[in-house]
Amino acid sequence: MTEENISAVEEEIFQIRSKLSELRRRQAEFEDMARAEMEKRDKIHERIKEIKEKNSEYLNRMQELRNNIAEMRARLDEVVKKINELRTLKENLLSQHVGDNMKGYSGYDVMRRIRELEERIETSILRPEEERKLYEELRSLMKILSEVQKREDIAEKVKEYNSQLSPLVEEARRLREQIRLKREELNSMKETVQAVKDAIQELKPEADKHHQAYLDYKNKAAMADAESILLTSRLVELQEFVKKRREVELKTREYMLKEKVKSRAIEKLSHGEKLTFDEMKVLMEDEDAWAAAVRKPSANEKS
């Protein structure tokens, strides 16, 4: 291989080293970009995680509200059922027929009139017609008294039903109000949870974008690294070639130099001139040349 070819190889080595430097710079740049995209992606993922954890609290509260509403709804059904039962009993009681002739009377009024009639019958001297009329009124009043007492018994029973109904109706009202408030809270939390879901849906594409950019930069860094490996292999190959070629050239130059020194030494011997140490050393390294030089007579000896 000529010196010109060696120069071409060395130029290729120089180009490869420059290319490797550029590739390593680009690889480091891609790694930095990938790292930056990864950090952006991870920050968004951390934000999504925080939102999900907060959302989990909302979901737990919503489940708690549903359970509370279900419990209150069950209790309300029980109370309403009891209210309906008492109202039915009350209506059935009030629907019982009471004679028109007892309307407007109280038990006290009727009893007072009966006592008046009984005293009059017992203490007064009455004509038969008057006595008959008084007895007829007395019988009528006794009948009315029976109806009034029945009515007052009903009223007492109705009062008892009302006393039972009053706290139940109040409890039903309170339960309905609590259910309404909890449903309002539940609906509000549903809106909050939906807003959280919407926020996550908005963040996911952004995280995906940074993740894809991260993968792209990592791929570019890997490609630069792969190209660097190939170029490094080629560089080692060329450097080894040049090294061996230079070693051969060096040995060749050393050989030519020794041959030149050896020829000069032989010529000096042939003229009877004194050799230098290096000339003597080079000549003695070649036994054949040394032997020939020693056997050959110098020019002074011939004359």
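See the structure shown above.
Since this is a predicted model, take the numbers as computed values, not measurements.

Enquirer: I tried to follow the overall build of the protein on my own but got confused; where do I start?
Expert: Scanning the protein from N- to C-terminus turns up 6 helices and 0 strands. Walking the protein from its N terminus toward its C terminus, one meets helices and strands in the order α-α-α-α-α-α. Residues counted as buried form 25% of the 303 residues belonging to the protein. For the protein, the proportion of contacts with a sequence separation of at least 24, taken over those separated by at least 6, is 84%.

Enquirer: Just checking my understanding: could you explain the pattern of salt bridges for this structure?
Expert: Side chains carrying opposite charge are able to pair once their charged atoms draw close together. Within this structure, the stated rule accounts for 29 salt bridges. The partner of glutamate 129 in a salt bridge is arginine 132, and the shortest N-O contact between them spans 2.1 Å. You can see glutamate 129 and its partner arginine 132 sitting in helix H3 (residues 128-270), 3 residues apart, about one turn around the helix. A residue is classified by how much of its surface remains accessible, and glutamate 129, at 40% relative accessible area, is partly exposed. A relative accessible area of 38% means that arginine 132 is categorised as partly exposed. Here glutamate 249 makes a salt bridge to arginine 246, at a shortest N to O gap of 2.7 Å. Placement of both glutamate 249 and arginine 246 in helix H3 is noted, with a separation of 3 residues, approximately one turn of the helix.

Enquirer: Teacher, can you tell me more about the side chain of glutamate 279 here?
Expert: Summarising the element assignment, glutamate 279 is placed in helix H4 (residues 277-285). Classification of glutamate 279 by relative accessible area gives buried; the value is 3%. Ignoring anything within four residues of it in the chain, the contact list for glutamate 279 reads Val261, Arg264, Ala265 and Lys268.

Enquirer: What is the right way to look at the environment of isoleucine 266 in this model?
Expert: Here isoleucine 266 lies in helix H3. A sequence separation of 13 residues divides isoleucine 266 from glutamate 279, and the C-alpha atoms of the two residues are 9.0 Å apart.

Enquirer: Where do I start with the packing of aromatic side chains in this structure?
Expert: Per the stated rule, a full pass over the model turns up 1 aromatic pair. When the ring of phenylalanine 30 is compared with that of tyrosine 217, the centres are 6.4 Å apart and the planes differ by 25°; the resulting orientation is stacked. Of this pair, phenylalanine 30 sits in helix H1 (residues 3-94) while tyrosine 217 sits in helix H3, placing them 187 residues apart in sequence. Assessed through its relative accessible area of 12%, phenylalanine 30 is described here as buried.

Enquirer: Explanation requested: the environment of glutamate 237 in the structure shown.
Expert: Residue position: glutamate 237 is located in helix H3. You can call glutamate 237 partly exposed: its relative accessible area is 49%. Along the sequence, glutamate 237 and isoleucine 13 sit 224 residues apart, while their C-alpha atoms lie 9.7 Å from each other.

Enquirer: Even after reading the chapter, I still don't get the side chain of arginine 41, so can you show me in this structure?
Expert: Turning to its location among the elements, arginine 41 is positioned in helix H1. Among the residues examined, arginine 41 registers a relative accessible area of 12% and is labelled buried. Sequence-distant contacts of arginine 41, that is, excluding residues within four places in its chain, are made with Ala207, His210, His211 and Tyr214.

Enquirer: Sorry if this is basic, but what is going on with the nonpolar core here?
Expert: Among soluble globular proteins, nonpolar side chains are generally buried collectively. Val79 and Ile83 are the most contacted members of the largest nonpolar core, which totals 20 residues. Residue assignment for this core shows that the elements contributing at least two residues are H1 and H3. With 11 residues, H3 is the largest single contributor of residues to this core. Ignoring sequence-local partners within four residues, the contact set of valine 79 consists of Leu168, Glu171, Ala172 and Leu175. Within the second largest apolar cluster, 11 residues are counted, among which are Ile114, Leu117, Leu141 and Leu145.

Enquirer: Mind showing me how you'd approach H4 here?
Expert: Along an α-helix, residues three or four apart share an orientation, since each turn contains 3.6 residues. Of the residues making up H4, those classed as buried are Glu279, Val282 and Leu283. Summarising the axial view, the buried residues of H4 lie within an arc of 100°, below the 170-degree limit, and thus occupy one face.

Enquirer: Looking at this structure, I do not really get the environment of leucine 257. What am I missing?
Expert: Relative to the helices and strands, leucine 257 is located in helix H3. For leucine 257, a relative accessible area of 54% puts it in the exposed group. On a C-alpha basis, the gap between leucine 257 and valine 282 in space is 9.8 Å, while along the polypeptide they are 25 residues apart.

Calculation notes
Residues numbered from 1 in each chain as written. Predicted model: local features only at pLDDT ≥ 70, side-chain atom pairs only at ≥ 80, totals over all residues. Heavy atoms only, no water. Helix = DSSP H or I, 4+ residues; strand = E, 2+ residues; numbered from the N terminus. Buried < 20%, exposed > 50% of the residue type's maximum accessible area, 1.4 Å probe, protein only. Contact = heavy atoms within 4.5 Å. Salt bridge = Lys/Arg side-chain N within 4 Å of Asp/Glu carboxyl O. Phe/Tyr/Trp six-rings, centres within 6.5 Å; stacked < 30°, edge-to-face > 60°. Core = buried A, V, L, I, M, F, W, Y, C linked by side-chain atoms within 4.5 Å. Arc of directions from axis to C-beta.

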